[in-house]
Amino acid sequence: MIAAEHLTKRYGRHTAVDDVSFRCEPGTVTGFLGPNGAGKSTTMRMICGLTPPTAGTATVAGRPYRGLPNPGREVGVLLDASAQHAGRTGREVLTVAAATMGVERRKVAAALDRVGLDGAAARRRVRAYSLGMRQRLGLAHALLGDPRILILDEPANGLDPEGIFWMRGLLRDFADRGGTVLLSSHLLREVEAVADRLVVIGGGRVVAQGGKDELLGGTGTRVRARDLPGLRRALDTAGLAAAASGTDGSLLVSAGPDAVGQAAADAGIALTELRPAGDGGLEQLFLTLTTVDTAREAVR
Amino acid sequence: MTGTTAAAPAVAPPAPPEVRGPSLLRLTGVELRKLADTRAGAWLLATIALITVALVVAQLIWAPDADQTFAAFFVFSLLPTGFLLPVLGILSVTGEWSQRTALTTYALVPRRERVIAAKLVAVTLAAVASILTSLGAAAIGTLATGFTGGAGDWRIEGSLVLHALVIQVANVLMGAAFGLLLLNTPLAIVGFLLLPTLWSVLGGLIRPLRGPAGWLDTGRTMEPFFTPDVTAGQWARLGVSLLVWLVVPLLAGLLRTLRREVA
């Protein structure tokens, strides 16, 4: 379990993180979302005891991180895949970590295997690694101590689509076996597929948090058909309120996709689009955050 | 499994975490490994060993026969090592920051003072190893005098070896202290080489500084330690100079490293 309580970090007059509180429960993947510079990394570094908070506290597995006797065996941390000695080989990076944590040497090979780094890659120096390979090495590093908690900062950066898909599976599996995962991203789509809960941060503050379905699916369904009047009539018949949304000719219905699809099917209307509309809300929020940020940059 | 076991938890954690933290012994082993596991580190260690051997060879060729003794070979080989050991000390500390491995190192061992302690022990062991290398090279040189016709005198005072050890350990720790204080490789190397030298130059140049320089210029306070005989006064001078150039930067650097934000 991870708990952040009122975490705040100020650098001079600039407040990087402002009163951030959230919890990550065992068995869940929490997506930590926000545009670049929103304070995600600073928050994660505070949780890991690397950055002293100006105010607030954070605990991991019930204790402040710096109070964990052997953190690597309880928490797998990947904060920056590029923060590895360029002159060490991939295998050596893990061997050093294994020696530090007191993990048997043979687990190094297993960890490399698990993230898909083969023998040739393991013998190469990190200098020659692509960002995707560094992410894989970083993930192997985080998993090496068989932790029950993972804290990952932008782990999908530099991974190819296949790699991202693989990582989602790995994290989902980790959580389903009772693990706790906190992963950050600046892309909503990236965490949407794997997260159970979302914490959205902008300008150092938490602007939204809750279950993914609650945040993404709460505001209805977007539906479109070539026979628009027919679709309207069908929805009317089913007693579903619909409104035109935007300029693309789709309708926004305040009901779940199940009900909307059924109503259309009953009336024999062929749909060209049917999806939860709620993410539009979060995406809108996200866009606003980014715009505010850009505006602030411009003023500065 | 012996005895009764409590009911298994509903969600089985993959592995019971090791409760004890890493011992200082284990951390020292890790730090020793890190001194040698990069190309730069391995080359630095190899260079120290190679230069030691090269100097003995040079002496065999060019030194007067009478000076080709075990003790002379030994003392002569200390000088270049004394230059490179501080660099080793500096790199062991600053490498974590320049290569940004501090992020993983201190995430695995949040009690940073333990990592620092392990580093200090590791570089001290490296200094001891350098003395052994010097002794080994001197021994080979002395054996070789059988062919070159040198004096080949095996006598060496135990105190000379001890003094050499003190100087080399002080050198490597001074480097580490500078590294801790400045946390930046080029800055620490330049600072380490420049500041004491500046002292030497100023101390020689400016008359009122000449007195204090005898106590503060490590170049001068270390000089007597390349001989078997050191007086109590000379020990005191070394002590004072090391207080200024080793203990103070070490403590200030330790404080800085403990408080610094790792990013």
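These numbers come from a predicted model, not from an experiment.

Definitions and limits used
Residues numbered from 1 in each chain as written. Chains lettered and ligands numbered in written order. Predicted model: local features only at pLDDT ≥ 70, side-chain atom pairs only at ≥ 80, totals over all residues. Helix = DSSP H or I, 4+ residues; strand = E, 2+ residues; numbered from the N terminus. Buried ≥ 20, exposed ≤ 12 C-beta atoms within 10 Å, placed from the backbone. Contact = placed C-beta atoms within 7 Å. Pairing = 2+ DSSP bridges. Axes fitted to C-alpha atoms, helices over the stretch in contact; angles between N-to-C directions. Core = buried A, V, L, I, M, F, W, Y, C linked by C-beta atoms within 7 Å. pLDDT = per-residue confidence, 0-100. Domains from an automatic or database assignment. Parallel < 35°, antiparallel > 145°, perpendicular 65-115°, else oblique. Left-handed = near helix turned anticlockwise from the far one by under 90°. UniProt positions renumbered as here; feature names shortened; annotations may be inferred. Arc of directions from axis to C-beta.

**Details of the overall build of chain B**
- Helix and strand content of chain B: 10 helices and 0 strands.
- Its helices and strands taken in sequence order, chain B reads α-α-α-α-α-α-α-α-α-α from the N to the C terminus.
- Viewed in the frame of its principal axes, chain B has a C-alpha envelope of about 80 × 50 × 35 Å.
- Across the 263 residues that make up chain B, the buried fraction comes to 40%.

**What to know about the overall build of chain A**
- Within chain A, the regular secondary structure consists of 11 helices and 13 strands.
- Principal axes of the C-alpha set define a box for chain A whose edges measure 70 × 50 × 35 Å.
- Out of the 300 residues in chain A, the part that is buried amounts to 47%.
- Long-range contacts, defined as pairs at least 24 residues apart, comprise 70% of the intrachain contacts of chain A with a sequence gap of at least 6.

**Some thoughts on the sheet that holds strand S1 (residues 2-11) of chain A**
Residue and element names in this part refer to chain A.
- Across the sheet, which stays open at both edges, the 3 strands sit in the order S2-S1-S4 with antiparallel pairing between neighbours. Two strands lie at the open edges of the sheet, namely strand S2 (14-24) and strand S4 (55-60), each paired on one side alone. In this sheet, adjacent strand axes meet at a mean angle of 20 degrees when their direction is disregarded.
- Contacts from helix H1 (residues 40-47) reach S1, S2 and S4 within the one sheet, and its direction differs from that of S1 by about 120 degrees.

**A few points about the nonpolar core**
- In this structure, Ile47, Ala140 and Ile151 of chain A together with Leu173 of chain B are the most contacted members of the largest nonpolar core, which totals 119 residues.
- It is helix H6 (residues 158-182) of chain B that provides the largest number of residues to this core, a total of 13 residues.
- Setting aside residues no more than four positions away along its own chain, Ile151 of chain A makes contact with Met44, Ile47, Cys48, Val75, Val77 and Leu182 of chain A.

**Looking at the confidence of the model for chain B**
Residues and elements named next belong to chain B.
- When the pLDDT values of chain B are averaged, the result is 88; 93% of them are 70 or greater.
- Mean pLDDT across the elements of chain B ranges from a minimum in helix H8 (residues 207-216), with 81, to a maximum in helix H1 (residues 24-36), with 96.
- Low pLDDT, under 50, characterises residues 1-15; the predicted model gives this stretch 10 contacts beyond four residues in sequence or across chains.
- Both confidence scores are given for the complex: pTM 0.84, ipTM 0.85.

**Considering the domain arrangement of chain A**
- Looking at chain A, the domain boundaries give domain 1 (2-214) and domain 2 (220-276).
- Of note, the centres of domain 1 of chain A and domain 2 of chain A, computed from C-alpha atoms alone, are 41 Å apart.

**Description of the pairing of S2 of chain A**
All names here are of chain A.
- Here S1 pairs with S2 via 7 bridges, running antiparallel. If you follow Tyr11 over to S2, its bridge partner there is His14.
- Where S1 folds back on S2, the antiparallel hairpin that results is connected by 2 residues, among which Gly12 adopts a positive phi of roughly 60 degrees.

**Thoughts on the sheet that holds strand S3 (residues 29-33) of chain A**
Residue and element names in this part refer to chain A.
- The 6 strands are arranged S5-S6-S7-S3-S8-S9 in an open sheet whose pairing can be described as mixed. Strand pairing shows two members of the sheet lacking a second neighbour, strand S5 (75-78) and strand S9 (205-211), which therefore form its edges. Sheet twist, expressed as the mean angle between neighbouring strand axes with direction ignored, is 10 degrees.
- Sheet strands in contact with H1 are S3, strand S6 (149-153), strand S7 (180-185) and strand S8 (197-202), and its direction is about 145 degrees off that of S6.
- Sheet strands touched by helix H6 (residues 161-176): S3, S6 and S7. Its angle to S7, the strand with the most contacts, is close to 150 degrees.

**Things to note about the interface of chain B and chain A**
- Residue-level contacts link 33 residues of chain B with 38 residues of chain A.
- Elements with a contribution of two residues or more to the side of chain B that touches chain A: H1, helix H2 (39-62) and helix H4 (102-108) of chain B.

**Focus on unusual backbone geometry**
- Its identity as a non-glycine residue notwithstanding, Glu154 of chain A has a phi of 50 degrees, on the positive side.
- Positioned with a positive phi, Arg100 of chain B is a non-glycine residue whose angle comes to about 65 degrees.
- The topology assignment puts Arg100 of chain B in the loop between helix H3 (70-98) and H4.

**Describing the pairing of S3 of chain A**
All names here are of chain A.
- For S3, a buried count of 5 out of 5 residues is recorded, marking the element as mostly surrounded by other parts of the structure.
- Residue alternation in S3 divides its side chains into two sets, Val29, Gly31 and Leu33 and Thr30 and Phe32, and both sets are buried.
- Pairing analysis gives 5 bridges linking S3 to S7, with the strands arranged parallel. Across the sheet, the residue bridging to Gly31 is Leu183, located in S7.

**A short note on the packing of H3 of chain B against helix H7 (residues 185-205) of chain B**
All names here are of chain B.
- Two elements in contact, H3 and H7, have axes whose closest approach is 9 Å; the angle formed by their N-to-C orientations is 155 degrees. Regarding the angle of H3 to H7, the classification is roughly antiparallel. Seen along the crossing, H3 lies across H7 with a hand that is right-handed. Touching Pro86, Val87, Ile90, Leu91, Thr94 and Ser98 of H3 are Thr185, Ala188, Ile189 and Phe192, all from H7.

**Re the UniProt feature "transmembrane region" (unreviewed entry) in chain B**
All names here are of chain B.
- Under the feature "transmembrane region" (unreviewed entry), the UniProt entry names residues 42-63, 69-95, 116-140, 160-182, 187-206 and 235-255.
- Span residues 160-182 is 100% helix and 0% strand, its end C-alpha atoms 33 Å apart.
- Helix makes up 95% of residues 187-206 and strand 0%, and the two end C-alpha atoms of the span are 26 Å apart.

**With respect to the environment of Arg210 of chain B**
Residue and element names in this part refer to chain B.
- Positionally, Arg210 belongs in helix H8.
- In this structure Arg210 comes out as partly exposed when scored by C-beta crowding, with 13 C-beta atoms within 10 Å.
- Spatially, the C-alpha atoms of Arg210 and Ser200 are 9.2 Å apart, while their sequence positions differ by 10 residues.

**A short note on helix H10 (residues 257-266) of chain A**
All names here are of chain A.
- Among all positions in H10, only Val260, Ala263 and Ala264 are buried. Take H10 and look down its axis: the buried residues cluster within an arc of 95 degrees, on one side only. Away from its buried face, by an angle of more than 90 degrees, H10 presents the exposed residues Asp258, Ala265 and Asp266.
- Looking at the buried residues of H10, the elements they touch are strand S10 (221-225), helix H9 (228-237), strand S12 (250-253) and strand S13 (271-276).

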